[in-house]
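Tertiary structure, described
The residues making up each chain are set out below.
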Amino acid sequence: LPVHPGVSVGTEFRYNHHSKNIWFQTARLGVFYHQYSQTALQLYSEAGYRRMIWRGTAAELRMGGGYLHSFPATEVFKLKDGAYERTLRFGRPQAMAGATLGLSYTVRAPNKPWRFFLDYQFFLQMPFAKQYVPLVPNTALHLGVAAPVLPF
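My aim in this report is to walk through the structure given alongside it, one point at a time. Bear in mind that the values here come from a model prediction, so they are computed numbers and not experimental data.

**Brief notes about the pattern of salt bridges**
In total, this model carries eight salt bridges according to the counting rule given. Where Glu 60 meets Arg 50, a salt bridge forms, and the shortest distance between an N and an O atom there is 2.6 Å. Note that Glu 60 is positioned in strand β4 (residues 57-72) and Arg 50 in strand β3 (residues 38-54), a separation of 10 residues in sequence. Classification of Glu 60 by relative accessible area gives buried; the value is 7%. Taking the relative accessible area as the measure of exposure, Arg 50 reaches 2% and is therefore buried. Among the salt bridges present, the one from Arg 62 reaches Glu 60, with a minimum N-O distance of 2.4 Å. Residue Arg 62 shares its accessibility class with Glu 60, and that shared class is buried.

The following block contains the structure:
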(Lines give C-alpha, C1' and ligand atoms only; values in the text may rest on other atoms or scores of the structure.)
Protein backbone atom coordinates (compact mmCIF):
# COMPACT_ATOMS: atom_id res chain seq x y z
CA LEU A 1 0.00 0.00 0.00
CA PRO A 2 1.24 3.50 -0.68
CA VAL A 3 1.98 5.38 2.52
CA HIS A 4 1.95 9.16 2.53
CA PRO A 5 2.97 10.26 6.04
CA GLY A 6 1.63 13.19 7.96
CA VAL A 7 1.18 14.56 11.42
CA SER A 8 -1.42 16.74 13.09
CA VAL A 9 -1.94 18.44 16.43
CA GLY A 10 -5.05 20.05 17.77
CA THR A 11 -7.41 20.76 20.56
CA GLU A 12 -11.01 19.99 21.39
CA PHE A 13 -13.69 22.21 22.92
CA ARG A 14 -16.73 20.52 24.44
CA TYR A 15 -20.21 21.98 24.07
CA ASN A 16 -21.62 19.85 26.88
CA HIS A 17 -20.42 17.75 29.83
CA HIS A 18 -22.63 14.67 29.47
CA SER A 19 -20.93 11.40 30.36
CA LYS A 20 -22.19 9.39 27.33
CA ASN A 21 -23.16 11.88 24.60
CA ILE A 22 -20.46 14.43 23.87
CA TRP A 23 -20.80 17.30 21.38
CA PHE A 24 -17.51 19.04 20.58
CA GLN A 25 -15.52 21.22 18.19
CA THR A 26 -11.91 20.66 17.12
CA ALA A 27 -9.20 22.99 15.86
CA ARG A 28 -6.31 21.27 14.06
CA LEU A 29 -3.06 22.01 12.29
CA GLY A 30 -1.52 19.31 10.14
CA VAL A 31 0.88 18.51 7.35
CA PHE A 32 1.02 15.57 4.95
CA TYR A 33 3.36 14.49 2.19
CA HIS A 34 2.36 12.74 -1.04
CA GLN A 35 5.45 11.50 -2.88
CA TYR A 36 4.26 12.19 -6.41
CA SER A 37 1.87 15.06 -5.88
CA GLN A 38 2.36 17.49 -3.04
CA THR A 39 3.15 18.50 0.49
CA ALA A 40 0.19 20.20 2.14
CA LEU A 41 -0.39 22.24 5.27
CA GLN A 42 -3.86 22.02 6.80
CA LEU A 43 -5.65 24.36 9.18
CA TYR A 44 -9.18 23.15 9.83
CA SER A 45 -11.99 22.63 12.31
CA GLU A 46 -14.57 19.88 12.75
CA ALA A 47 -17.84 19.69 14.67
CA GLY A 48 -18.35 16.27 16.20
CA TYR A 49 -20.46 13.87 18.22
CA ARG A 50 -18.91 11.14 20.39
CA ARG A 51 -21.01 8.36 21.89
CA MET A 52 -19.55 6.40 24.78
CA ILE A 53 -20.35 2.73 24.11
CA TRP A 54 -18.95 0.47 26.80
CA ARG A 55 -16.24 0.73 29.47
CA GLY A 56 -14.19 3.50 27.95
CA THR A 57 -14.84 2.70 24.28
CA ALA A 58 -16.47 5.30 22.08
CA ALA A 59 -17.44 5.95 18.47
CA GLU A 60 -17.61 9.36 16.85
CA LEU A 61 -18.48 11.29 13.71
CA ARG A 62 -17.01 14.66 12.77
CA MET A 63 -17.67 16.99 9.85
CA GLY A 64 -15.79 20.12 8.96
CA GLY A 65 -13.50 22.04 6.70
CA GLY A 66 -10.85 24.67 6.49
CA TYR A 67 -7.75 25.94 4.74
CA LEU A 68 -5.22 23.80 2.88
CA HIS A 69 -2.01 25.13 1.32
CA SER A 70 -0.37 22.74 -1.13
CA PHE A 71 3.20 22.79 -2.41
CA PRO A 72 3.81 20.78 -5.61
CA ALA A 73 6.21 17.83 -5.35
CA THR A 74 7.45 18.41 -8.90
CA GLU A 75 8.79 21.43 -10.69
CA VAL A 76 6.22 23.76 -12.23
CA PHE A 77 6.75 25.57 -15.53
CA LYS A 78 4.77 28.38 -17.14
CA LEU A 79 4.61 29.22 -20.86
CA LYS A 80 5.83 32.77 -21.37
CA ASP A 81 6.64 34.32 -24.76
CA GLY A 82 6.82 30.91 -26.46
CA ALA A 83 9.23 29.41 -23.91
CA TYR A 84 8.73 27.57 -20.66
CA GLU A 85 10.07 29.17 -17.51
CA ARG A 86 10.39 27.58 -14.09
CA THR A 87 8.03 29.18 -11.57
CA LEU A 88 8.61 29.67 -7.88
CA ARG A 89 7.03 27.02 -5.68
CA PHE A 90 5.16 29.04 -3.08
CA GLY A 91 2.27 26.64 -3.37
CA ARG A 92 -1.34 27.57 -3.71
CA PRO A 93 -4.19 28.21 -1.30
CA GLN A 94 -7.07 25.74 -1.39
CA ALA A 95 -10.03 24.64 0.69
CA MET A 96 -10.76 21.29 2.28
CA ALA A 97 -14.05 19.80 3.45
CA GLY A 98 -14.72 16.34 4.80
CA ALA A 99 -15.89 13.89 7.41
CA THR A 100 -14.22 11.59 9.94
CA LEU A 101 -15.31 8.35 11.60
CA GLY A 102 -13.48 7.34 14.75
CA LEU A 103 -13.14 4.71 17.44
CA SER A 104 -11.43 5.36 20.74
CA TYR A 105 -10.64 3.95 24.15
CA THR A 106 -10.24 6.15 27.22
CA VAL A 107 -7.90 5.19 30.06
CA ARG A 108 -8.59 7.00 33.30
CA ALA A 109 -5.34 7.94 35.00
CA PRO A 110 -5.67 9.91 38.26
CA ASN A 111 -7.75 12.95 37.22
CA LYS A 112 -6.41 12.81 33.64
CA PRO A 113 -8.16 10.76 30.96
CA TRP A 114 -5.97 9.63 28.06
CA ARG A 115 -7.93 8.73 24.93
CA PHE A 116 -6.30 6.46 22.32
CA PHE A 117 -7.98 6.73 18.93
CA LEU A 118 -8.15 5.39 15.40
CA ASP A 119 -9.82 7.76 12.92
CA TYR A 120 -10.64 7.39 9.23
CA GLN A 121 -10.86 10.77 7.53
CA PHE A 122 -12.18 11.53 4.05
CA PHE A 123 -11.73 15.04 2.67
CA LEU A 124 -11.96 16.88 -0.62
CA GLN A 125 -9.19 19.24 -1.70
CA MET A 126 -10.47 22.02 -3.92
CA PRO A 127 -9.82 23.51 -6.41
CA PHE A 128 -6.93 21.28 -7.43
CA ALA A 129 -6.54 21.91 -11.17
CA LYS A 130 -9.47 23.96 -12.43
CA GLN A 131 -9.08 22.83 -16.05
CA TYR A 132 -9.32 19.07 -15.52
CA VAL A 133 -9.46 17.99 -11.84
CA PRO A 134 -11.49 20.45 -9.75
CA LEU A 135 -11.77 18.19 -6.67
CA VAL A 136 -9.24 15.69 -5.34
CA PRO A 137 -10.51 13.12 -2.84
CA ASN A 138 -8.11 12.23 -0.02
CA THR A 139 -8.29 9.71 2.80
CA ALA A 140 -6.22 9.58 5.96
CA LEU A 141 -5.89 7.05 8.75
CA HIS A 142 -5.06 8.74 12.05
CA LEU A 143 -3.65 6.77 14.97
CA GLY A 144 -2.98 8.81 18.07
CA VAL A 145 -3.54 9.85 21.62
CA ALA A 146 -5.49 12.74 23.11
CA ALA A 147 -4.36 13.92 26.52
CA PRO A 148 -5.46 16.93 28.56
CA VAL A 149 -2.93 19.72 28.70
CA LEU A 150 -4.68 21.74 31.40
CA PRO A 151 -5.97 20.32 34.69
CA PHE A 152 -9.72 19.72 34.88
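Right, picking up where we left off after that structure.
**Details of the nonpolar core**
Nonpolar side chains tend to gather and get buried jointly when the protein is soluble and globular. Judged by nonpolar contacts, Phe 32, Ala 40, Tyr 44, Leu 68, Met 96 and Phe 123 together constitute the single largest core of six residues. The residues contacting Met 96, other than those within four sequence positions of it, are Gln 42, Tyr 44, Gly 64, Gly 65, Gly 66, Tyr 67, Leu 68, Gln 121, Phe 123, Leu 124 and Met 126.

**Quick word on the sheet that holds strand β8 (residues 112-126)**
An order of β1-β2-β3-β4-β7-β8-β9 is seen for the seven strands of this open sheet, with the pairing classed as antiparallel. At either end of the open sheet lies a strand with only one pairing partner, and these are β1 (6-14) and β9 (136-146). Neighbouring strand axes in the sheet, compared pairwise and without regard to direction, differ in orientation by 20° on average.

**Details of the side chain of Glu 60**
Here Arg 50 takes part through its side chain, which lies 2.6 Å from a polar atom of the side chain of Glu 60. A polar contact is formed between the side chain of Glu 60 and the side chain of Arg 62, at a distance of 2.4 Å. Residues within four places of Glu 60 in sequence aside, it is in contact with Phe 24, Tyr 49, Arg 50, Thr 100, Leu 101, Gly 102 and Arg 115.

**Some details on the pairing of β3**
Taken together, the 14 bridges between strand β2 (residues 21-34) and β3 define a ladder with antiparallel strand orientation. Its bridge partner lying in β3, His 34 is registered against Gln 38. In this structure, the hairpin formed by β2 and β3 is closed by a connection of three residues. The loop that links β3 with its antiparallel partner β4 comprises two residues; one of these, Arg 55, has a positive phi angle of about 45°.

Quick notes on the rules
- Residues numbered from 1 in each chain as written.
- Predicted model: local features only at pLDDT ≥ 70, side-chain atom pairs only at ≥ 80, totals over all residues.
- Heavy atoms only, no water.
- Salt bridge = Lys/Arg side-chain N within 4 Å of Asp/Glu carboxyl O.
- Helix = DSSP H or I, 4+ residues; strand = E, 2+ residues; numbered from the N terminus.
- Buried < 20%, exposed > 50% of the residue type's maximum accessible area, 1.4 Å probe, protein only.
- Core = buried A, V, L, I, M, F, W, Y, C linked by side-chain atoms within 4.5 Å.
- Contact = heavy atoms within 4.5 Å.
- Pairing = 2+ DSSP bridges.
- Axes fitted to C-alpha atoms, helices over the stretch in contact; angles between N-to-C directions.
- Polar contact = N/O pair within 3.5 Å; in protein donor to acceptor, adjacent residues only side chain to side chain.

On their own, these measurements won't tell you what the molecule is for.
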